[in-house]
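Architecture and fold: a report
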Amino acid sequence: MFIEYSEEQNMLRDSAERYLRDNYSFDSRQTAVKQASGFDADQWQTFAELGWLAMTFKEEFDGFGGGALETMILCEQFGKYLVLEPYLESVVLVGGLVEAGAQPTVKEQYLAGLIAGELQGAFGYLEEAGVADPTYVQTTAEASADGFVLNGKKTVVLNGPEADSFVISARTGAAEKGPSSGISLFFVSKDTPGLSLKNYKTYDGRSASELQLENVAVMSEALVGELNNGFAIATPVFSRAILAVCAEAVGAMDALLTATVDYTKQRKQFGQSISEFQVLRHRMVDMFMEIELTRSLLMATAWKLDNNAADAEQCVAALKAKVGKAGRYVSHNAVQLHGGIGTTDEFSVGHYFKRLAAIGVMFGSRDSHLSRYSTLSARLSS
Amino acid sequence: MTDNVFRTDVRAFLAESLTPEIKRAGELMTSVFADFDATMDWHKTLYAKGWVAPDWPQEHGGTGWTLSQRYIFQEECKLANAPALFAMGLQMLGPMLIRYGTAEQKAYYLPRMLSGEDVWCQGYSEPGAGSDLASLMTAAVRDGDDYIINGSKIWTSYAQHSNKIFCLVRTSKEGKPQAGISFILVDMDAKGLSVEPIVGLDGTVEQCQVYFDDVRVPAANLVGAENQGWDVAKSLLEFERGGHNFTIDHKKQMAKIDLQASTQLSADGGLWKDNPVFQAKLADVAVDALALEFTELRVKGAFVAGGNAGALSSLIKVMGTEIGQRFNELSVEMMAEHTFVKQLDALLPGFDGEAIGPSCGLTTMAEYINNRAATIYGGSAEIQRDIIAKRVLHL
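Predicted model, so just to flag it, every value in this text is computed and none were measured. (Residues numbered from 1 in each chain as written. Chains lettered and ligands numbered in written order. Predicted model: local features only at pLDDT ≥ 70, side-chain atom pairs only at ≥ 80, totals over all residues.)

Let us now look at the domain arrangement of chain B. Residues and elements named next belong to chain B. The assigned domain composition of chain B is domain 1 (3–85), domain 2 (120–228) and domain 3 (244–391). Taking the mean C-alpha position of each, domain 1 and domain 3 sit 21 Å from one another. At the interface, 13 residues of domain 1 touch 15 residues of domain 3. Considering every element that reaches the side of domain 1 that touches domain 3, the biggest residue donor is helix 4 (residues 67–79), with five residues. The residue inventory of the side of domain 1 that touches domain 3, partitioned by class, reads five nonpolar, three polar and five charged. (Domains from an automatic or database assignment. Contact = placed C-beta atoms within 7 Å. Helix = DSSP H or I, 4+ residues; strand = E, 2+ residues; numbered from the N terminus. Nonpolar A, V, L, I, M, F, W, Y, C, P; charged D, E, K, R; others polar.)

See the structure below:
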């Protein structure tokens, strides 16, 4: 395996890099954080115009047919500039689920609106009593004459406040064939009667909601994927989402290392730049090594996902586990080497740290992916 | 009185004196500082009981307790979720004034510190002088019976709530940098002094920058002689480091972790406390915390025998803060996405709404974020390791 980027992929990276560098300053980001929506609607519109929102969808839906590599290229730049706009929630998660399993009418309507920058989505898959496990689903969907009726609660639904539509996991049957069996996915518009939201901000500057569903009636066309087997489409979408947040993490870690190297060169204590202290130099070298190892896993995983390699899922688990460790090491030491200013709201370093803390938690902790990695390795070698 | 009887007395007092609101403020602490109003209420309760400054000599308002009783008191207070009293006056400046202050300074400042009439903050660090504190530039120039101060102090905790600040200022540029520093007490309402809050990563204000623009201070406010401030400050740093019991903090963290582990489900569907990987990780930190507890007891034994902590206090600061950070990480792992929810209003002791998510995870992210500063303030982990290298290993 040797990754060579196509000309289009190189152009995508260069244009994302250039656009964000020139138009996504930390100060303007912080202004957007303070808005109710938690991001800048004009930026989202520009992302649509630049074709970023269409990049990974199939050509039949007016997408550009990109895959995991394109997701990685974009998200790495989003991480580097701490982009707030809900690409992960609207495009990777809800866009991915809708493309993979929604009925044609839903697909046409949501994807067209999404690609045009007019629609937003959010995936409600977590519940309060079992937040570490997406197969913990108590929300129910009962069959009715012409569809389903949903009841239950979903917690920490990222981008909930801005979403026009949700994909919601609900139990339609017992977990007879493993923990994820009996779970189905439903496409629910925000204005559906019985759906209510409690909105709030997250520590990493985004927005989220608690969802309550009280007799939310949807038509049978709302089903996304197979009945009782929603995880057949959710699992690959989660893998893509893990790749996306890990790419974001690599971009964020790059930004932290650059900032730390610059700061330690410029900061003088005891009559010299603190970058001259060997203990700090080695710390920064270790940060660098953690980042490069993570980057190698990231690139290989993207390539393997695009090529349906037998060990792609194993690499996804390895990558998420590695990001958990590297993200902590790099962000903790970036804050430590910046000293007091690293702990302030005014300075960017702490915001990268908070984003990496959230990424470390999302879609499973380091430990759960380590155990997934060993299970998958044992299966592959037997 | 045996220690057990003493402990029973302390518990009885805490049970009757800790109001629900004060206790709530202690439960909701996300850093070393609790809610200001609740903490001052608790300060006044302890003052009325005569227990506000157990570490002080009895003639100045101390309790006359043994070292062991003082430890029991601290432990019981923390485990009952009493807010920690602000250390800047009682723990830092008080003992130092008792040692270096004039008779007038003691008579004036100590009673006001005990009663809570004065709230003190510490003006040491400057934008250009952090780890290298001796390079500080805020200047005090003698003018008749006064000094005129110009410059700025940063990372001044709770300056927005304080009416007094003790500062290190430069009074001479001759000789070594340490030789030209003086220690001075300043009224926060002095003309030319201003406070700018610094918003922390959790969205709250604990730190400030304090600006001095021709601030006039009587020369009588000098503590120790002019240019002798470094010695005074060094003794204070010992109080800052030696006065903190990390073990009690760790026990409080472990109690929280136990609650989380016995109520929250891990990815395998069982409780965290039954997850073998988690058990091993928790035990790994707990063993280090236990080793640190015995180290703290060793140091206390040395105090009783008339010795001092020496560079072991640096070891305790490094390990105590790093172990605390590891406990924070375990909590974040268990509370998972619940830690994302930012609900600052629910962290106020008077909050009467309904908080989002499990109550045992309410403070988890803010504690994790805020505790990153623990290896930076009060002498960074790097500086502490340098001290051990120099003073113990003679490198």
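This part takes up the domain arrangement of chain A. Residues and elements named next belong to chain A. If you check the domain split of chain A, you get domain 1 (7–120), domain 2 (122–228) and domain 3 (232–381). Distance from the C-alpha centre of domain 1 to the C-alpha centre of domain 3: 22 Å. Taken together, the 20 residues of domain 1 in the interface contact 25 residues of domain 3. Counting residues per element, the ones that place at least two in the side of domain 1 that touches domain 3 are helix 4 (68–80) and helix 5 (87–101). With 10 residues, helix 4 is the largest single contributor of residues to the side of domain 1 that touches domain 3. Looking at the side of domain 1 that touches domain 3 residue by residue, the class counts come to 12 nonpolar, six polar and two charged.

A separate point is the interface of chain B and chain A. In this assembly, 37 residues from chain B lie in contact with 39 residues from chain A. Listed by contribution, the elements that provide at least two residues to the side of chain B that touches chain A are strand 6 (193–199), helix 10 (312–335), strand 9 (341–342) and helix 11 (364–370) of chain B. In terms of residues, the side of chain B that touches chain A owes the most to one element, helix 11 of chain B, which gives three residues. Partitioning the side of chain B that touches chain A into residue classes produces 19 nonpolar, 12 polar and six charged. Note: strand 6 (residues 195–202) of chain A against strand 9 of chain B, two bridges, orientation antiparallel. Residue pairing across strands places T202 of chain A opposite V341 of chain B, the latter belonging to strand 9 of chain B. (Pairing = 2+ DSSP bridges.)

Moving on, we come to the confidence of the model for chain B. Averaged over every residue, the pLDDT of chain B is 94; the share at 70 or more is 97%. Here the predicted complex carries an ipTM of 0.95, next to a pTM of 0.96. (pLDDT = per-residue confidence, 0-100.)

All names here are of chain A. Between helix 7 (residues 231–266) and helix 10 (residues 348–361), whose axes approach to 10 Å, the crossing angle comes to 155°. Viewed along their axes, helix 7 and helix 10 adopt a mutual orientation that is roughly antiparallel. In this structure, helix 7 crosses over helix 10, and the sense of that crossing is left-handed. Residues V245, E248, A249, A252, A255, L256 and A259 of helix 7 form the contact with helix 10, whose own contacting residues are S348, V349, Y352, R355, L356 and I359. The class makeup of the residues in the contact of helix 7 with helix 10 is 10 nonpolar, one polar and two charged. (Axes fitted to C-alpha atoms, helices over the stretch in contact; angles between N-to-C directions. Parallel < 35°, antiparallel > 145°, perpendicular 65-115°, else oblique. Left-handed = near helix turned anticlockwise from the far one by under 90°.)

Remember that side chains alternate between the two faces of the sheet whenever the strand is regular. Residues and elements named next belong to chain A. With seven of its seven residues buried, strand 4 (residues 165–171) lies for the most part within the structure. Side-chain alternation along strand 4 places S165, V167, S169 and R171 on one buried face and F166, I168 and A170 on a second face that is also buried. Bridge count for strand 1 (residues 121–124) against strand 4 is four bridges, and the pairing is parallel. Its bridge partner being in strand 4, F123 is matched across the sheet by V167. Across seven bridges, the pairing between strand 4 and strand 5 (residues 183–189) is antiparallel. Bridge pairing in strand 5 places V167 opposite F187. (Buried ≥ 20, exposed ≤ 12 C-beta atoms within 10 Å, placed from the backbone.)

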